[in-house]
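One letter stands for each residue in the lines below.
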Amino acid sequence: MNTYIGVDVGGTQIRVAIFPETGSVPIHQERISTRNTNESELDRLVSLISQLWPTEGKVLAIGVAAPGPLDSKAGVIFSAPNIPAWVDLPLRQVLKDRFCVPVALGNDANLAALGEWKYGAGQGHHNLLYMTISTGIGGGVISDDHLLLGEHGLATELGHVTILPDGPLCSCGQRGHVEAICSGTGIANYVAEEIQKGIPTRLPAKPRPTSKEIAQAARDGDALALAAMDRAAGFLGLALANYLHIFNPSIIILGGGVSRSGDVLFTPMKAAMHKYIIDPAYFKDLTITTAALGDNAGLLGALALAQEIQS
Ligand SMILES: [Zn+2]
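Rules used in this analysis
- Sequence positions are assigned chain by chain, starting from 1 and proceeding in written order.
- Selection of residues for local features in this predicted model requires a pLDDT of at least 70, selection of side-chain atom pairs for listing and counting requires 80 or more, and totals for whole chains, interfaces and linings are taken over all residues.
- Computation of side-chain values covers all heavy atoms of the structure but excludes hydrogens and water.
- Only the stretch in contact is used when a helix axis is fitted, and all axes are lines through C-alpha atoms; the angle between N-to-C directions ranges over 0 to 180 degrees.
- Labels follow the DSSP assignment, with helices taken as runs of H or I lasting at least four residues and strands as runs of E lasting at least two, numbered in each case from the N terminus.
- Throughout, the term roughly parallel applies to angles under 35 degrees, roughly antiparallel to angles over 145, roughly perpendicular to angles from 65 to 115, and oblique to all others.
- In this scheme the handedness of a crossing depends on how the near helix is turned from the far one: anticlockwise by less than a right angle means left-handed, clockwise means right-handed.
- The contact rule is simple, with two residues in contact once any of their heavy atoms fall within 4.5 Å.
- Classification convention: Asp, Glu, Lys, Arg as charged; Ala, Val, Leu, Ile, Met, Phe, Trp, Tyr, Cys, Pro as nonpolar; all other residues, Gly among them, as polar.
- The donor set covers N, O and S atoms within 2.8 Å of the metal, switching to 3.2 Å for Na, K and Ca, and it leaves out water, so a site may look short of donors.
- Only two sets of limits are used to name each site, 85 to 135 degrees for every angle of a tetrahedral four-donor site, and over 155 degrees for opposite donors with all other angles from 65 to 115 for a square planar four-donor or octahedral six-donor site, with any other site named irregular.
- Any two strands are treated as partners once DSSP identifies two or more bridges connecting them.
- Ring geometry is summarised as follows: Phe, Tyr and Trp rings, the Trp one being its six-membered ring, pair when their centres sit within 6.5 Å, and such pairs are stacked at plane angles under 30 degrees, edge-to-face over 60 and tilted between the two.
- Only protein chains enter the area calculation, which uses a 1.4 Å probe; residues under 20% of their type maximum are buried, those over 50% are exposed, and those in between are partly exposed.
- Throughout this description, the term charge over a ring refers to an Arg CZ or Lys NZ atom that lies within 6 Å of the ring centre and within 35 degrees of the ring normal.
- Each salt bridge in this description consists of a side-chain nitrogen of Lys or Arg and a carboxyl oxygen of Asp or Glu lying within 4 Å of one another.
- Grouping buried Ala, Val, Leu, Ile, Met, Phe, Trp, Tyr and Cys residues that are joined through side-chain atoms within 4.5 Å yields what is termed a nonpolar core.

Engineer: Would you mind going over the packing of helix α6 (residues 211-219) against helix α7 (residues 223-247) in detail, with residue names and values included?
Structural biologist: To characterise two packed helices, one gives the angle between the axes of the helices and the distance between these axes. Their axes nearest at 7 Å, the elements α6 and α7 cross at an angle of 115 degrees. Taken together, α6 and α7 sit at an angle that is classed as roughly perpendicular. Crossing hand, α6 versus α7: left-handed. Contact residues: I214, A215, A217 and A218 in α6; A225, L226, A228 and M229 in α7. Of the residues contributing to the contact of α6 with α7, the split by class is eight nonpolar, no polar and no charged.

Structure, rendered in structure tokens:
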């Protein structure tokens, strides 16, 4: 039986799965931690693929989802959060030379979008916008049935768009980005500052409340938690209204921990989208939903990418 190999390189885990030529249920899969003091991350990745390499049939292609920034067209990772050794790493060529099969590389958020489109909540749509909102914010866009990459594969960094000039500091070093305000980190930072100022809340100052705890407190009616969720959701709705104007998707898929906050996020977010939109036509046939693939979105996106270079 011929197979595809999907690889998902995360900051904490490397996952490798062997998929049959048709189908999205892995025949074998394995995960290991990314960091290990004795071996380089690249050696660990190569040896895990070697271990799982099928003994029968042909491997048609390998698809790799990796944290960016990276050039998916050149197959080069510029830098990877949590893997300091990966600077300007030509990962596609390295794997191609080692395994002698076609290899494709993609940004993990882009490939999660591709995974949700092919195998998850976005099936059947032609224009899709995907955003993962957890400690950071990543995004991907399918435009007229194509994953939007841009000249160097750097397009659709939906978290690093300025929505509040001189606003809170973002993980990228700039200020006022969507990620700095609407991510789990952004929400937790805001609440910690408000508690410091003496704003009354049932949330403790220490240990610092997480965005999950803040969302729960908001559902329980805590005024500060509600204000924090309202603020993040309002800015998220503003950002999404901007994205609707640019991409005109028929489905918005939200993934990541913060997307599981429920109505305390979705109700003010949708209100803000309506407030900032220039024409109600953007809402015609628009579905707004949560991601279906969870943890597996990147891996299934890597599979979809491998299938694309083969077809
Ligand atoms: Zn940023």
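Anyway, onward from the coordinates.
Engineer: Hey, could you go over the coordination of the zinc ion for me, with residue numbers and the actual values?
Structural biologist: For the zinc ion, the full set of protein donor atoms is H160 (ND1), C170 (SG), C172 (SG) and H177 (ND1), and the range of their distances to it is 2.0 to 2.3 Å. Taken together, the four donor atoms coordinating the zinc ion span angles of 99 to 118 degrees at the metal, a pattern that classifies the geometry as tetrahedral. Between consecutive donors of the zinc ion, the numbers of intervening residues give the motif H-x9-C-x1-C-x4-H.

Engineer: Would you mind going over the sheet that holds strand β1 (residues 3-9) in detail, with residue names and values included?
Structural biologist: Taken in spatial order, the five strands of this open sheet run β3-β2-β1-β4-β8, and their pairing is mixed. In this open sheet, the two edge strands, each paired with only one partner strand, are β3 (28-33) and β8 (103-107). Between one strand axis and the next, the sheet turns through 15 degrees on average, direction left out of account. Sheet topology places β1 next to strand β4 (residues 59-66); six bridges connect them, and they run parallel. Bridging across to β4, D8 finds its partner in A65. Where helix α2 (residues 91-99) meets the sheet, it contacts β4 and β8, and its direction lies at approximately 155 degrees from that of β8. In this fold helix α3 (residues 108-119) packs onto β4 and β8, with an angle of close to 100 degrees to the strand it touches most, β8.

Engineer: Residues and numbers for the packing of aromatic side chains, please.
Structural biologist: This model, assessed by the stated rule, comprises one aromatic pair. A ring pair is formed by W53 and F99, whose centres lie 5.1 Å apart and whose planes are at 10 degrees; its orientation type is stacked. One end of the pair, W53, is in the loop between α1 (41-52) and β4; the other, F99, is in helix α2, with 46 residues separating them in the sequence. The buried category is assigned to F99, whose relative accessible area is 9%. Over the face of the ring belonging to F99 we find R98, whose NZ or CZ atom lies 4.9 Å from the ring centre.

Engineer: A description of the environment of E30 should follow, citing residues and the corresponding values.
Structural biologist: Relative to the helices and strands, E30 resides in strand β3. The exposure class of E30 is partly exposed, given its relative accessible area of 39%. Along the backbone, E30 and L95 are 65 residues apart, and their C-alpha atoms lie at a distance of 18 Å. Not counting chain neighbours up to four residues away, the residues in contact with E30 comprise I14, R15, V16, L48 and L52.

Engineer: Please provide a residue-by-residue account of the pattern of salt bridges, values included.
Structural biologist: Taken as a whole and judged by the stated rule, the model has six salt bridges. For D285, the salt bridge identified is with K284, shortest N-O distance 3.6 Å. Taking relative accessible area as the criterion, D285 reaches 62% and is therefore assigned exposed. You can call K284 exposed: its relative accessible area is 62%.

Engineer: Describe in detail the nonpolar core, supporting the description with residues and values.
Structural biologist: One finds M131, I214, L240, Y243, I252, M269 and M273 to be the most contacted residues of the largest nonpolar core, which totals 48 residues. In contact with I214, other than residues within four places in its own chain, are I187, A188, V191, L203, P209, A225, A228 and M229. Counting 28 residues, the second-largest nonpolar core is a separate cluster that includes I14, L42, I62 and L89.

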